[in-house]
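# A closer look at the structure
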Amino acid sequence: MADYDDFARAQLPRLLRYATMLTGEREQAADLVQDVLVKVYRHWSRISSTDHPDRYVLRMVTNGYLSWRHSWSARVIASGDLPDEPRADDFASDHAAREDMWQRLARLPKRQRAVVVLRYYEQLPDPEIAGLLGCAQATVRAHAHKALAALRNGLAIEQMAEARER
């Protein structure tokens, strides 16, 4: 099982980053990756014989995220008030923009979010995304289109509200 240990050590940082992008929460990402690596360990002889075991495990993480029985939102407890609007010269404005994008991604349906993360974070082409999600390339493009439209729509609505306030 030294082969599995080497694989897990090498892939763990990537899997955790990927799962964090999907879930939006480090703790949930760690739980998801842990669940997947336990399954990988049980079936390592079969998984290690595939052409790309790393892609196989990435698909397992994706499927685990998409099929986790309990909704992610039921596991997250929001606390505190929303932060004030960041000033342009505020050193934390970059952080606020990233947090805003996390919130927008969290509102996307799971499959749309998975497509966005696989396409723009993992830099995978549509055929590989389709293979990971078990769907057609046209479905991948449709999910990406809807997700980007939803993300843009949220920005446009906020910009219109800001213009009215001024």
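Anything mentioned here points back to the structure above.
Only a predicted model underlies this, so the values are computations on that prediction, with no experimental measurement involved. (Residues numbered from 1 in each chain as written. Predicted model: local features only at pLDDT ≥ 70, side-chain atom pairs only at ≥ 80, totals over all residues. Heavy atoms only, no water.)

Another aspect to go through is the overall build of the protein chain. What the protein chain contains, in helices and strands, is nine helices and zero strands. Of the regular secondary structure in the protein chain, the N- to C-terminal order runs α-α-α-α-α-α-α-α-α. Every one of the 166 residues in the protein chain was classed for burial, and the buried ones make up 33%. For the protein chain, contacts bridging at least 24 residues in sequence account for 65% of all contacts bridging at least 6. Per element, the accessible surface of the protein chain, about 10900 Å² overall, is 52% carbon and sulfur. (Helix = DSSP H or I, 4+ residues; strand = E, 2+ residues; numbered from the N terminus. Buried < 20%, exposed > 50% of the residue type's maximum accessible area, 1.4 Å probe, protein only. Contact = heavy atoms within 4.5 Å. Areas by Shrake-Rupley, 256 points an atom, 1.4 Å probe, with all protein chains shown as cover.)

It is worth spelling out the packing of helix α1 (residues 2-23) against helix α4 (residues 53-67) at this point. Between α1 and α4, the shortest axis-to-axis distance is 11 Å and the interhelical angle comes to 35°. The two elements α1 and α4 cross, and the hand of that crossing is right-handed. Judged by residue contacts, Phe-7, Gln-11, Arg-14, Leu-15, Tyr-18, Ala-19, Leu-22 and Thr-23 of α1 engage Pro-53, Asp-54, Val-57, Leu-58, Val-61, Thr-62 and Tyr-65 from α4. Residues that form the contact of α1 with α4 fall into these classes: ten nonpolar, three polar and two charged. (Axes fitted to C-alpha atoms, helices over the stretch in contact; angles between N-to-C directions. Left-handed = near helix turned anticlockwise from the far one by under 90°. Nonpolar A, V, L, I, M, F, W, Y, C, P; charged D, E, K, R; others polar.)

A few words now on the nonpolar core. Where a protein is soluble and globular, its nonpolar side chains tend to be buried together. Core analysis: the biggest nonpolar cluster contains 34 residues, and Val-40, Val-61 and Leu-118 have the highest contact counts within it. Those elements that provide at least two residues to this core are α1, α2 (26-42), α3 (44-48), α4, α7 (110-121), α8 (126-133) and α9 (137-165). The element that contributes the greatest number of residues to this core is α1, accounting for eight residues. For this core, the two domains that each supply at least three residues are domain 1 (1-68) and domain 2 (91-165). (Core = buried A, V, L, I, M, F, W, Y, C linked by side-chain atoms within 4.5 Å. Domains from an automatic or database assignment.)

With that settled, consider α1. The end-to-end C-alpha distance of α1, which contains 22 residues, comes to 30 Å, matching closely the 32 Å that a straight helix rising 1.5 Å per residue would cover. Bending of α1 peaks at approximately 45° at the position of Gln-11, with proline Pro-13 no more than four residues after it. Inspection of α1 places Tyr-4, Phe-7, Ala-8, Gln-11, Leu-15, Tyr-18, Ala-19, Thr-20, Met-21, Leu-22 and Thr-23 among the buried residues, and these make up the whole buried set. The positive-phi residue at the C-terminal boundary of α1 is Gly-24, with phi of around 80°. (Expected span 1.5 Å × (residues − 1). Bend = angle between axes of the 7 residues up to and from the residue.)

Going through the model one piece at a time under the given rule, you end up with three aromatic pairs. Between Tyr-4 and Tyr-41, the aromatic rings sit 5.1 Å apart at their centres with planes inclined by 70°, giving edge-to-face as the arrangement. Taken as a pair, Tyr-4 in helix α1 and Tyr-41 in helix α2 lie far apart in primary sequence, 37 residues in all. Considering the side-chain rings of Phe-7 and Trp-44, the 4.9 Å spacing of their centres and the 40° angle between planes classify their relative orientation as tilted. With Phe-7 in helix α1 and Trp-44 in helix α3, the pair connects residues that are 37 residues apart, well separated along the chain. The residues Phe-7 and Trp-44 share a single accessibility class, namely buried. Chaining the aromatic ring pairs together yields one cluster made of Tyr-4, Phe-7, Tyr-41 and Trp-44. The ring of Tyr-65 has Lys-110 sitting right over it, with the charged end atom 5.6 Å from the ring centre. (Phe/Tyr/Trp six-rings, centres within 6.5 Å; stacked < 30°, edge-to-face > 60°. Lys NZ or Arg CZ within 6 Å of the ring centre and 35° of its normal.)

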